[in-house]
Every structure is written in C-alpha cells, then in structure tokens.
Amino acid sequence: MEKGNKKKIVLPIALGVAVLLFFLIPYVAYLHEYGNKDNSGNGPGRKNKAEVSYTNEIYKKIYKNIEEYEDYLYEQSQIVYEAETTDSSEVAADSAPSYTDTNVRTEGVMEPDVVKTDGEYIYRTNKEGRVLFAYRVKDGEIEKLFEEKILEDYYYFKDLYIYGDKIIMMGTYNTPTGDYGQYNDEFIYGYNPYSETFITFIDVSDKSNPVVEKTIYQSGDYCSSRIMDGVIYTFSWFRNEPDIIKQKKIGTYIPAVDGEILRPDDLVVYDDTRCDFLVISSINAENQAVVDKKAIFGGSTVPYVSENAIYDTVWGWKNSNDTTLVKIAMYAGDLKFACEGTFPGNLLNDYSIDEYEGNLRLVTSYMNDQNERRNALYVFDKNLEKVSTIKELAPQETIRSARFMGDIAYFVTYRVQDYFYDPLFAVDLSDPENPEITDYMKLPGFSGYLHPYGENKLLGIGYDTDEDTGRMNCVKFSMFDITDPFDIKEEATCNFRACQSINVLSDRNSFMYNPADGTFGMGATISNGVLYYSEAGVDMSSADWYTPEDNTETNDNGALIQDEGPALAESVKLSDYSFSYLVMDYDEEQGFSIKFNYDLGKNASPTELRNARGIVIGDYIYIVDSHNGVESFDTENYELVDTSI
C-alpha cells in the first residue's frame, strides 16, 4: 500500500476516534458518577426502598449495543439542536426577527405551551384542542396556512412544541375501553385508570399538508414535558385503582411506555407512599424512538428539571412531615436513579428548588416538633447530602413564591392567621456551607410569582389582601430594587382593584416578557372589581370610574403606591367585566401602566382566557387565542395591523 493511501485512511480513523472520545469521555464520567453503585442499586443514602438491581443491566446494554451506540454518537455529533428555530434553508439566521419565546423555568431546557412560534410561523389549536392551525407571519401580516383536525375524540390536547419541521402535540387519551376491562361511566367525570399520555409527531414541512407520522403512548394522565439536547422527557401520572389491582394482572398496576411494561430495574419503590407512579420517558426527537423509561412509585406530578437531572418528591403518609427527594441523572436520554435525600415539609412548586454549581438549594414549609408552621432553606451536595440549612423561619407563615438568581435566593412567605402580610426574604448562598439571610421586608398581601425584570429589579405578581381578615382584594403588582441584596427596596406597588385574577399565578407559560422594551403580558379577568367600586359609591355608568391617577402617592419610604390600579395609555379602555389580554409596562417615575387591553369578547370562556398568548415578533405583537384566532398590532401605538378571522 502506498504511503499516500495510508495517510488517507489514517486521517479519517483518527478523526473518528477523536469524535468518539469527545462524546464518550463525558458519558464515561456520567457512568462513573451514576452507574457504578453497589449491586443493590441503592446508591448513597438510599433507604426505605424496595431492592432493585440496575447496574448489571447498564453494563449489558452498553456491551450489547456498542456498535449501535457508536453510530448514535456519530449521528448526534452531526446534529445541531437549536431551541425552536426555523429551517436555515428557509430563513437566514441573521434575517429572522427576534421574538418572545415560552416563559420557562430553566434556561436551556425547552418547555411546551398551547401556542408556539419560531419567529416565522405560529401554531395553535381550537378550543377543544383537536384542530391544529398554522399561520405565516411577517411584519404584522398574517397568512393562514392550514386548519387540520389532528386528534380524534377522547384525545385531550395540553401542549405542543415546534421542533425543526415537526410539531409535537401532547396530552391525555381517555380511552373508552381498557385492555383489562370496560371504561365505566363513573370515570367520565373522574379519573380514568385506562388513560394514556400521547406524544404525537406531525410533519409540517409541507405547510399545506400536515402529516401525522407517529404517536407514542405511556400510561397515565399527561403532566408535563421538557426537551433538551434533542431528547423529549415526558411525565405522566399513573394512578392505581384498588378494584382494578384486585384483578392481579400486571398491566393494570405497572405502567408501560410504547407498549412495553416497565421492568423492575426501571422502578423505584418506596414504602408507605401514595399508590401512584410518576412515569418518565425519554424519546429521541429525531428518530422518534424511546430511549429510556423510569417510574417512581409515590412520586409527585411536578418534577423539577435542571440541565443535568430530574428531581421529584415522594410523600410518605406514615411520616407526613418528611419528604423524600429523588434524583434521576440524565445523559442523552439515558436515565439513572442516582441518589436520594430528605427534608421536612413540602415544596410549593419547581421554583422552590434549584440546582447551581453542583449544589441543590430549596425552600420548604413544614411543621416543627410543636406542630407549628415554619419555613426553611436547605443546601444539598450532588449526592443530596445536607450541606447547610436555615430553619425556623417566618413562624405561622407558608411559602407563596420563590426565585433563585445565581448566589441569591428570594422567597415570599405569607401569614395565614392573625396578621396578613408579605415578607420578602433574600438569602446569600455564595458560601453554600454558610447561607445568610441578607434582608427581608413586610408588605400587605403576597406575591405569588417572581420574575427578574431588567437590571437589578424583581417583579412580583400576587394579591393585595385585607390586613384584618386576609380576604384577597385584588391583583397586586410590586417592583423591588435588588441592586443590593443586603438592602432590598420596595420601588413601587400597584393594587389593581378592577382585576380579580391573572393567569401567570396558575400558569407560568402564559407570562410574556419582552426584554427589548420591558413590556410584559398575560391574561386577566377584569370583573369583580365592580363590587369594590360599587361599595365605594362609584357610578359605574360613568366613563370616569377608573381613576388611578387620582390615587397615586409616594409613601414615607419613597415607594410609589398606585392604590387604584395601573395607569392607562390614552387608547386603553377597561370594561366592567371582560376576559382580557393585558400588555403592561413599568417606569421608575410613573409606575405600572397598561399599554394594551385586548378584550377577548363577551362570549369567551375561561379556557380561552387561560390559552390566550401574546407573542412579540420584531415590532409587532400577535395576540393568539382559540376564540378570536390571531390578530396583530404594532408595538408603538398598538393599532390593529391584520387579523386571521
């Protein structure tokens, strides 16, 4: 063989080995971290768990599929996954307009929503969620591309993704019959033990002809999902019904994914817990194949997903004051039960827990030994061994919101008896072994959602409450100056008397924040404020009933207090009862203001309000809901540009 030919052969081999090592080294480290446990599969600190063995299965899988895995690693190296961007052949990256994407918990981890865009196309469903709509949008113009019934009866849509030239639809299929019995009438309005979560892949490369490619099912009702590095992680809740379990058929009480019942190695079981499973599947979004599956017996339905792991909580009914925290490590869809820890009480939601620089931080409400309500902050290491804690915080209060921002944790507690106020705490976590409360302040009401706003500000959205009775009066907006976490300042508070409910408090994905201009939006009910104004003797027939400018003052601490609601732009009108999509703004001098009030109409339903979304693409905002379709407005004067109706 000639020397030149040797070079031609050696070079691609060396390149291939380099590529393989590039991907294998982190995977080997991953296996060393999470796969090399003792034969019981318990890992560090595991307790109260049924004996399982998964280590041998991991090795068998590696050796059996080594050639396929090498091919898979090479294929992955050729794919560049981007967060819901358009095909580069259709739109050049530098020409695509900027747009607001779904509000997510963890940066870099995609979340689904009822409406999605990639900056060029918008996808939505109808009220029932079975008809898919697609629109091409550009400079405020809207072109309807298709309206296609994708799902049949008994399919209940919840979420969708845009992934390249695919739409992924998710929800619950309430099958009328089960494999092990009939679908009884009693399940029509309650839990259906035969329900399944569906993940449906739809090819929309031909915008005039969407094609359903594949549907994957897993046991239980759909809870939520995430996409990271080209892998879909789907969570469902599989409940065991005693009457069905008595049939003693394994398929009635052990969950399945894509028709395969989970093996013992795929289950983690704790004693004395709820008889339900959190079912987790990982699916390669490119080839639409199941990569792995796991289930936690007694798991909760709101797991926290970081860039490295899935964390879920297990509540034991015999010791109801302690919660078990289960960590499942993930790598390219491969799932491993890693370790567990415990903490007292329970988490409010996945904003109450955060992974950062190898540690896990969380805030919890619990009952102490004297059966008194308290709150605490915990720091755990990567093995969920306790590093530090601050306990006995905020007596007789409960956590209502939290937001971890790097080395600082902010959380709000609310007293549920005697006095009704809202303490905002700041905790310095720069030294994980010695966390320090830096500041806290007490305000009326509470913030149920916290969102970073611009530079060194924190937006709080919640409720103003009666200080004597605790009754929620109206929606409240607060802006905090967090430039110095040791000296938090209340910059402004706005009590929106005419607004009784706002979507972000129950659905974070509904919150729109545009960092380009500081505007933010969400659905709201402008309604029972009428009662407040009527009690105050205000003539509701008058056009001047809403007068926030007459009820704005600066308090003794220098905070701007808007006691009747946000200021209105000249073009904004509020009716005495409506489902609306609000676009708001904040100014240090003027406080909160409503830039745009999109009335969904008198015939709109609460479901349509929940599903309403605002999307900013370039200089235009598109209001999307299942009642009115899509309408566009310029973001300077909020004048109507186009409509899909």
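### Some remarks on the overall build of the protein
- Along its length, the protein carries seven helices and 45 strands.
- Across the 645 residues in the protein, those meeting the buried criterion constitute 54%.
- Residue pairs in contact within the protein that sit at least 24 positions apart in sequence constitute 54% of those at least 6 positions apart.

### Things to note about the pattern of salt bridges
- Tallied over the full model, the rule gives 25 salt bridges.
- Between R361 and D354 there is a salt bridge whose closest N-O contact spans 2.9 Å. In this pair, the class of R361 matches that of D354, namely buried.
- E392 is the partner of R374 in a salt bridge, and the nearest nitrogen-oxygen pair spans 2.9 Å. With a gap of 18 residues between them, R374 in strand β24 (residues 373–380) and E392 in strand β25 (residues 386–393) connect regions that are remote in the sequence.
- Residue E392 is classed as partly exposed on the basis of its relative accessible area of 42%.
- Counted as one network, the salt bridges with shared partners bring together E111, R226, D350 and R508.

### Points about the packing of aromatic side chains
- Summed over the entire model, instances satisfying the criterion amount to 27 aromatic pairs.
- When the centroid spacing of 5.7 Å and the interplanar angle of 35° are considered together, the rings of F477 and F592 count as tilted. In this pair, F477 is assigned in strand β32 (residues 472–481) and F592 in strand β41 (residues 591–599), connecting sequence segments 115 residues apart.
- Residue F592 is classed as buried on the basis of its relative accessible area, which comes to 0%.
- The rings of Y351, Y449, Y453, F477, F511, Y513, F520, Y586 and F592 are connected pair by pair, giving a single aromatic cluster.

### Observations regarding the side chain of R361
- Positionally, R361 belongs in strand β23 (residues 359–367).
- A distance of 2.9 Å separates the side chain of R361 from the backbone oxygen of G406, its partner in a polar contact.
- Those residues within four positions of R361 in sequence are excluded, and the remaining contacts are S352, I353, D354, Y356, Y378, V379, F404, G406 and L429.

### Some details on unusual backbone geometry
- One non-glycine residue, Y154, lies in positive phi territory at about 75°.
- Looking at where Y154 falls in the secondary structure, it is placed in the loop between β4 (141–149) and β5 (155–163).
- If you check the backbone angles, E357 has positive phi at about 50° while not being a glycine.
- Here E357 lies in the loop between β22 (353–356) and β23.
- On the basis of relative accessible area, E357 is assigned to the exposed category, the value being 67%.

### Overview of the sheet that holds strand β17 (residues 289–297)
- Reading across the sheet, the five strands line up as β11-β12-β16-β17-β15 and stay open at both edges, with mixed pairing between neighbours. Only two strands of the sheet have a single partner each, and these edge strands are β11 (221–228) and β15 (267–269). Sheet twist, expressed as the mean angle between neighbouring strand axes with direction ignored, is 15°.
- Both strand β12 (residues 231–239) and strand β16 (residues 276–284) contribute to a ladder of nine bridges, which runs antiparallel. Directly across from R239, in β16, lies its bridge partner D276.

### A word on the environment of V427
- Structurally, the position occupied by V427 is in strand β28 (residues 421–428).
- Taking the C-alpha atoms as reference points, V427 and I408, 19 residues apart in sequence, are found 5.6 Å from one another.

### Remarks on the confidence of the model for the protein
- Looking at the protein as a whole, its pLDDT mean stands at 81, while 76% of the residues score no less than 70.
- Predicted confidence is poor over residues 179–189, with pLDDT under 50, and the contacts of this stretch with residues over four places away or in other chains come to 16 contacts.

### Re the state of the cysteines
- Within the structure shown, the criterion is met by zero disulfides.
- Of the cysteine sulfurs around C474, a residue in no disulfide, the closest is that of C499, at 8.1 Å.
- We classify C474 as buried; its relative accessible area is 1%.

### A look at the sheet that holds strand β31 (residues 457–465)
- Read from one edge of the open sheet, six strands run β30-β31-β32-β33-β38-β37, paired in mixed fashion. Edge strands, defined here as strands with exactly one partner in the open sheet, are β30 (446–452) and β37 (552–554). Shown here is a sheet whose adjacent strand axes are inclined to one another by a mean of 20°, direction ignored.
- Sheet topology places β32 next to strand β33 (residues 489–496); seven bridges connect them, and they run antiparallel. Note on β33: the bridge partner recorded for V475 is F496.

### Observations regarding the pairing of strand β19 (residues 309–315)
- Summarising burial for β19: six of the seven residues are buried, a large majority.
- Alignment of strand β18 (residues 304–305) against β19, held across two bridges, turns out to be antiparallel. Opposite Y304, over in β19, you have Y311 as the bridge partner.
- Hairpin connection of β18 to β19: three residues between the antiparallel strands.

### What to know about the side chain of T117
- Within the fold, T117 resides in strand β1 (residues 116–117).
- There is a polar contact of 3.1 Å between the side chain of T117 and the backbone nitrogen of G119.
- Polar contacts involving the side chain of T117 include one to the main-chain carbonyl oxygen of Y121, which spans 2.7 Å.

The rules behind these values
- Residues numbered from 1 in each chain as written.
- Predicted model: local features only at pLDDT ≥ 70, side-chain atom pairs only at ≥ 80, totals over all residues.
- Heavy atoms only, no water.
- Helix = DSSP H or I, 4+ residues; strand = E, 2+ residues; numbered from the N terminus.
- Buried < 20%, exposed > 50% of the residue type's maximum accessible area, 1.4 Å probe, protein only.
- Contact = heavy atoms within 4.5 Å.
- Salt bridge = Lys/Arg side-chain N within 4 Å of Asp/Glu carboxyl O.
- Phe/Tyr/Trp six-rings, centres within 6.5 Å; stacked < 30°, edge-to-face > 60°.
- Polar contact = N/O pair within 3.5 Å; in protein donor to acceptor, adjacent residues only side chain to side chain.
- Pairing = 2+ DSSP bridges.
- Axes fitted to C-alpha atoms, helices over the stretch in contact; angles between N-to-C directions.
- pLDDT = per-residue confidence, 0-100.
- Disulfide = S-S within 2.5 Å.

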